[in-house]
Amino acid sequence: MDTETSTTETDIFFPRLRRVGAAIGRVNGNNTHSGNLSIRDPHDPDLFYITATGCQCGSLIERDIVPVRFSEVSWGDARGSTESTIHRKILMIPGVSAAIHAHFMDTTFLSFDTRDHQLFLRFMGTDAKGREEYLFHPVDLFGSFGVGGVEIGSYFQPVGSAEMDERIPAYLTDKKVTVVRGHGPFVRGTSPEDALYTLSLLDHSARLAMFLRRRGVDVVALQKEISRRGAGEFFPVRPHIRKDGESPVCEVDDATVVEDFRARLNYNYSNSIGAYATGSMSQKISSNEMVYCPASAIPEEFDFPLCHMTLDFSDDDSADLRMHKLIYQHTHQNTCMITTNPLATAEGMAILAEQYGPDVLLGKNDKIPYTPAEHPAVLPIDAEAIYLNPKLGLVDIQQLANYTPENPILNMLRWYKGCCVVAGYGVISTGQTTLEQAAHNASSAERIAKFRSEVFLNERLLGGPKVGVFEPR
Amino acid sequence: MNSDRLSLPPGYLGKILHIDLTTQKCTAEKLDPDLARRFFGGRGLGVALLSRHFLELTAQGLYRNPFAQVDPLSEDNAIIVTTSPTTGTRMPTSGRMHMNYKSPLSGGYGSTNAGGRWGVDLKRTGSDAIVITGKSSHPVYLIVTSAGVEFMDAGPTAELDAIETRELLKKESKNRAQVLTIGPGGKNLIRFAAVMSDTGKALGRGGGGAVWGSKNLYALAVIPDEKIRITVADKESFDPDNKHGAMYHVKLKLDLGKFTKSEDMFGVLASMGSLGILGMVNNYQQLIHNNMKDTNHALADIGKINGEALRYHAKRAKPGEKKITVKKSACFNCPIICKRQTTLFDAEGRIIEKGEGPEFETVALMGANLSIYDLATVTEACYLANHYGIDTISLGGTLASFFDLYGMLKPKSETLSPAEAGLFTDLTEFIAEHGEPLFGRPEILVPLTQLIGTAQGIGKYLAEGSYRFCERYGHPELSMSVKRLELPAYDPRTSFTQALSYEMSNRGGCHLEGGYTAPYAYCAGYAEWPAHRIEGTPLISKNATLKNTTLDVIGACAYSSFSLGLDEYAALVNGVTGEKHNSGTLEHLAVRTITLERMFNLLCGLDKKDDWLPDRFYSETIHTRDGDVICDRKAFAKMHEEYYRSVGWDDNGRPTLQTLEDLELADLVPADAAAALV
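Residues numbered from 1 in each chain as written. Chains lettered and ligands numbered in written order. Predicted model: local features only at pLDDT ≥ 70, side-chain atom pairs only at ≥ 80, totals over all residues.

Caption draft 1: Spotlight on the overall build of chain B. Assigned secondary structure in chain B consists of 28 helices and 19 strands. Taken over the C-alpha trace, chain B has a radius of gyration of 23 Å; the compact-globule value for 678 residues is 26 Å, and the two agree within 12%. Out of the 678 residues belonging to chain B, those deemed buried represent 61%. Restricting the contact set of chain B to residue pairs at least 6 apart, pairs at least 24 apart contribute 69%. (Helix = DSSP H or I, 4+ residues; strand = E, 2+ residues; numbered from the N terminus. Rg over C-alpha atoms; globule rule 2.2 N^0.38 Å. Buried ≥ 20, exposed ≤ 12 C-beta atoms within 10 Å, placed from the backbone. Contact = placed C-beta atoms within 7 Å.)

Right, dumping it as structure tokens:
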């Protein structure tokens, strides 16, 4: 079959790629014209579709989707992205159906390390030609399980080069994502949405690691420990991980409820409160039932699952789901949202490390008191947040494994108007009325952390005032 | 070092060779550094020397306005062949040459460009350009060496075609010569005859081959002198490993460019040759069809004639079918490698013919535009055109107008005008032998090419080009041409920038000299120019004109411009000459060039009224995925004016006096003509 006959297939793939491209653009994962997306044709093993060279991935039009053959050159090779030869090889990896190259800022920013300056990455050595290789391991729960270790390669020619053709697919043979140093990530997936999930999650983990390092925590040491022990050993629980191929099912008939969830999901994604398809969100609707969404951040135009669920614990509950149930079982909160909140999470980790020593981030939490009189907290410094809530609760990640009524998270939510930062995990926000209340907490937490972090940097870089000057007394 | 070159930048040889065919004498003229500064080389230098020639005819008292009065097929026309300082250097695609003359097809400015390596070896005889005037009393071919010019009796080549002539002269020179030749097309004064280089590269457009034929000039061989070197100002700039040099960045961009990258990186031109773009042109519904009535092709048909079809022709051919095998070839110092040497086999596996091509434009005009989706037949006809030395774009365009005309008149057989009836009279013999001249009949393509190449039968009239042919039978509107030059492969309704560039092209309906904008449909994003917008289009089109003109002036190939911008070209030019060019100065050279070309046309009598596409594009809508599209005459009139103004011409498309002064063109325009300008 000639590629000219593929117009109909283009029509099929176009909406998916347009949606995913727009989702990346919405969080500035590309500039107006950078990045590229590809997808295999499930009906023709010799064909894939890729975005056109120089097109606007954030606002694709139908003609931007170009058919390209695996086996032989065709006109699509001229219209398709400069990196189409890399995509061709990535898509030939068994099980891979989609690939995305994007320029997420924080992911790329992390890669500006050198052998002599390992701020965020671990130097792993050089290849035979002297090109340096680094490793990044997310230090948060979602990133550790959702992405895992990421190899970062340096390249003599890091744009559209033959060495990229050769090395990037090799990196992706057994890893979901690799980063071209100073350029950006290449990711494979079982679908474009799966690839987006990895990209989004990695960028949140990168942002978290970057802010944490700037706040003085040795993230490389933390990464080494996670790698040494393995994520399963290091973290006390496992988060919900998006499973590709499951068509989202909406069990809720009330359109106003669905739209309420949709608004929060879209907001959280677009404002980087949560990484795509991570976290969770729920509303308690009766004494033993809630409406539950196993995500708290979904881009516009994406479908999402919404189901009814009892509040009884089940053996196969993820850590996130169990936390919703725990909260509803033991508090008067009616809504709950768990978001990755990279800045708030980093700030919480930094505060714990400052107050109780860096080992608290390695699971040694015995020094942390959780009494009404003494417990960790994140203090807002901006007036709007202080007006809302003079403190955010803060707990260490080990508390996620505590499913008793004594879990300090519950108290934090009671004491601090339904907002608690869990170091290394995210933010748990709740509301006694609607999802809107939980959403307010989640979005506020991220801004609180941003203000604190920037003032901290100003102090260190410019000799500005200390953060404490602005904390409420 | 030759002292003459002290005042010229490196890259020039410093000499213009004048050959008078009437007296069979040659003289050398020092290349005036000021002329070189103003026009640089290639097409710029060519139009300057051509204009100067016509001014001299006035000075000699032979004509009051030789531009208008000189018959293009008379001894007073001139042939100007030029190179650029970059020609033969390490600048990629530096093997190009340019030829200028008064066109027997348009009656105005004649201009054509080709690759290969002839231009390189001309420079290595010590000349930057050749000016050929007069007319030989008998057929001659010329051998140019560093020692001078030999005038050779072309009697032995009289019956030979273009490729046979080349082979003979190459053999006589012990394979040292590079040869330009004409074939029966030029000898028979076919108005779209080409001058051929190698086995299939053509100085094709506008009938330059007929000008050669009219002068009894059958071939022009150059034998390089190994001692003559082309110097450059900054050798290091051309070291591809020098990260600070021009070549490093240029190579990077060419290596990454979708069209220009290598075959192992799935580069389209390297893998499939120029025909590789046909699939894309069709995908964007630009590919002409049935004399440009529409752009609708069945996808399966396109699969028979696209680049993929040529690349895999032999592999895909079924037993009992003709097959084509393909080998790559390239012009001098070209990393793109878009040329294709092919061999056509018959059903039994015997070689029918070997040759060069077919190229994209050839297949578009002689295949898609005639509804002939048979690559073997198009290839065979392409070989024939190469032998005859005729331009395949005009050949295909003329045949398309012929089929269109016949199809239109046939149902009216009872009500034909005398002129219309003449077609059927002239066709009697052809129809008896070959059947009706209709679209979709591959079996008549080769016979018609033969008839045109030899100017026999209906071919005698077709050899006049589509406009004159259709005019003969009362329907010049069926000629899809601008300034009587047949249009190339992209339907103008699908790209208004391309439409405007066709109209504004000084040599007539052409995608290269007027600005090659159609491919910008494939670039996506901001590089994908608005197809149907009016506002701003004249300026986009003008910029495309300037870019393509610059390529012809500096001697670079249009395909390289898919990856390189004017800044990269400027860096290469500076590496050769040591000058300080930038994109702005190159554009200034281009404005000067097109303005002098425009003056040439105005003096020939071509003016604003000739800046229009055929009525078909303004009256017949085509249906595309983007909707129904048509050119709007009123909007185009407005665009014309804006285009004129953007290059310093008045609303009637005449350069203003101020523009001539600003561009330092006064000495190349007749004083009375200049005085008549605003």
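Caption draft 2: Focus on the overall build of chain A. When its secondary structure is counted, chain A shows 15 helices and 17 strands. Taking 2.2 N^0.38 as the reference for a compact globule, 473 residues should give roughly 23 Å; the C-alpha atoms of chain A span a radius of gyration of 22 Å, in line with that estimate. With respect to the three principal axes, the spread of C-alpha positions in chain A is 70 × 55 × 40 Å. When the 473 residues of chain A are sorted by exposure, 55% land in the buried category. Long-range pairs, those at least 24 residues apart, make up 66% of the contacts in chain A with a sequence separation of at least 6.

Caption draft 3: View of the nonpolar core. All names here are of chain B. Formed by 209 residues in total, the largest nonpolar core has its most connected members in I80, A221 and M366. Examining the composition of this core, we find that eleven residues originate from one element, helix α24 (residues 583-604), more than from any other. Apart from the residues lying within four places of it in its own chain, the contact partners of M366 are I372, V378, A381, C382, T392, L395, G396 and L445. (Core = buried A, V, L, I, M, F, W, Y, C linked by C-beta atoms within 7 Å.)

Caption draft 4: Geometry of the confidence of the model for chain B. Residues and elements named next belong to chain B. Per-residue confidence for chain B gives a mean pLDDT of 95; residues scoring 70 or more make up 99%. Scored below 50 in pLDDT, residues 1-5 makes five contacts in the model with residues more than four places away or belonging to other chains. If you check the scores for this complex, the pTM reads 0.89 and the ipTM reads 0.83. (pLDDT = per-residue confidence, 0-100.)

Caption draft 5: Broad picture of the sheet that holds strand β5 (residues 109-114) of chain B. Residues and elements named next belong to chain B. An order of β2-β1-β6-β3-β4-β5 is seen for the six strands of this open sheet, with the pairing classed as mixed. Of all strands in the sheet, those bounded by a partner on one side alone are β2 (25-30) and β5. Within the sheet, the average angular offset between the axes of one strand and its neighbour, ignoring direction, is 15 degrees. Inspection of the sheet shows strand β3 (residues 79-82) paired to strand β4 (residues 97-102) by three bridges, in the antiparallel sense. If you follow T82 over to β4, its bridge partner there is H98. Sheet strands touched by helix α2 (residues 42-59): β3, β4, β5 and β6 (129-133). Its angle to β4, the strand with the most contacts, is close to 25 degrees. (Pairing = 2+ DSSP bridges. Axes fitted to C-alpha atoms, helices over the stretch in contact; angles between N-to-C directions.)

Caption draft 6: Quick look at the sheet that holds strand β12 (residues 217-222) of chain B. All names here are of chain B. Taken together, six strands build an open sheet; the order of strands is β8-β7-β12-β9-β10-β11 and the sheet is mixed. At either end of the open sheet lies a strand with only one pairing partner, and these are β8 (148-153) and β11 (201-203). Ignoring which end each strand starts from, the neighbouring axes of this sheet average 20 degrees apart. Judged from the five bridges that link them, strand β7 (residues 140-145) and β12 form a sheet pairing that is parallel. Looking across to β12, one finds that V144 is bridged to V222. Each of β7, β9 (178-181), β10 (195-197) and β12 is contacted by helix α5 (residues 162-172), which is oriented at about 150 degrees to β9, the strand it contacts most.

Caption draft 7: Looking closely at the packing of helix α15 (residues 375-388) of chain B against helix α18 (residues 445-453) of chain B. All names here are of chain B. The contact between α15 and α18 brings their axes to 9 Å, and the two run at 10 degrees. By the angle between their directions, the pair α15 and α18 is classed as roughly parallel. Across from T377, E380, A381, L384, A385 and Y388 in α15, the residues of α18 making contact are L445, V446, T449, Q450 and G453. Classifying every residue of the contact of α15 with α18 by side-chain character gives six nonpolar, four polar and one charged. (Parallel < 35°, antiparallel > 145°, perpendicular 65-115°, else oblique. Nonpolar A, V, L, I, M, F, W, Y, C, P; charged D, E, K, R; others polar.)

Caption draft 8: Layout of unusual backbone geometry. Residue and element names in this part refer to chain B. Between G357 and P358 the backbone carries a cis peptide bond, its omega angle lying at 10 degrees. If you trace the backbone, P358 turns up in the loop between β15 (351-356) and α14 (360-366). A positive phi angle is found at N216, which is not glycine, with a value near 60 degrees. Mapped onto the elements of the fold, N216 is located in the loop between α7 (208-214) and β12.

Caption draft 9: Region of the structure containing the packing of helix α21 (residues 496-504) of chain B against helix α22 (residues 537-554) of chain B. All names here are of chain B. Across the interface, α21 lies against α22 with an axial gap of 9 Å and an inter-helix angle of 60 degrees. By the criterion of interaxial angle, the relationship of α21 to α22 is oblique. Two packed elements cross with a definite hand, and for α21 against α22 that hand is right-handed. Across from F496, T497, L500, S501 and M504 in α21, the residues of α22 making contact are T537, P538, I540, S541, A544 and T545. Taken together, the residues of the contact of α21 with α22 sort by class into six nonpolar, five polar and no charged. (Left-handed = near helix turned anticlockwise from the far one by under 90°.)

Caption draft 10: Region of the structure containing helix α26 (residues 633-646) of chain B. Residues and elements named next belong to chain B. With 14 residues, α26 ought to run about 20 Å at 1.5 Å a step, and its terminal C-alpha atoms sit 20 Å apart, in line with that. The secondary structure elements touched by the buried residues of α26 are α21 and α22. Remark: G648 follows α26 within two positions and exhibits a positive phi of approximately 85 degrees. (Expected span 1.5 Å × (residues − 1).)

Caption draft 11: Inspection of the interface of chain A and chain B at higher detail. Across the contact, 22 residues belong to chain A and 24 residues belong to chain B. Counting residues per element, the side of chain A that touches chain B draws most heavily on helix α2 (residues 76-79) of chain A, at three residues. In terms of residue class, the side of chain A that touches chain B is built from seven nonpolar, ten polar and five charged.

Caption draft 12: Focus on α22 of chain B. In a regular helix each residue adds 1.5 Å, so 18 residues correspond to 26 Å; α22 of chain B covers 26 Å between its end C-alpha atoms and thus fits that length. Count one or two residues on from α22 of chain B and you reach G555 of chain B, which has phi positive near 80 degrees.

Caption draft 13: Layout of the environment of F636 of chain B. Along the chain, F636 of chain B falls in helix α26. Note: C-alpha distance between F636 of chain B and P538 of chain B (98 residues apart in sequence) is 9.2 Å.

Caption draft 14: Summary view of the environment of S81 of chain A. Residue and element names in this part refer to chain A. Its place among the elements puts S81 in the loop between α2 and α3 (84-91). C-beta crowding within 10 Å serves as the criterion here: with 27 such atoms nearby, S81 is assigned to the buried category. Once the C-alpha coordinates of S81 and A297 are considered, the two residues, 216 residues apart in sequence, prove to be 29 Å apart. Every residue in contact with S81, bar those within four places of it in the chain, is listed here: N36, I50, T51, A52 and T53.

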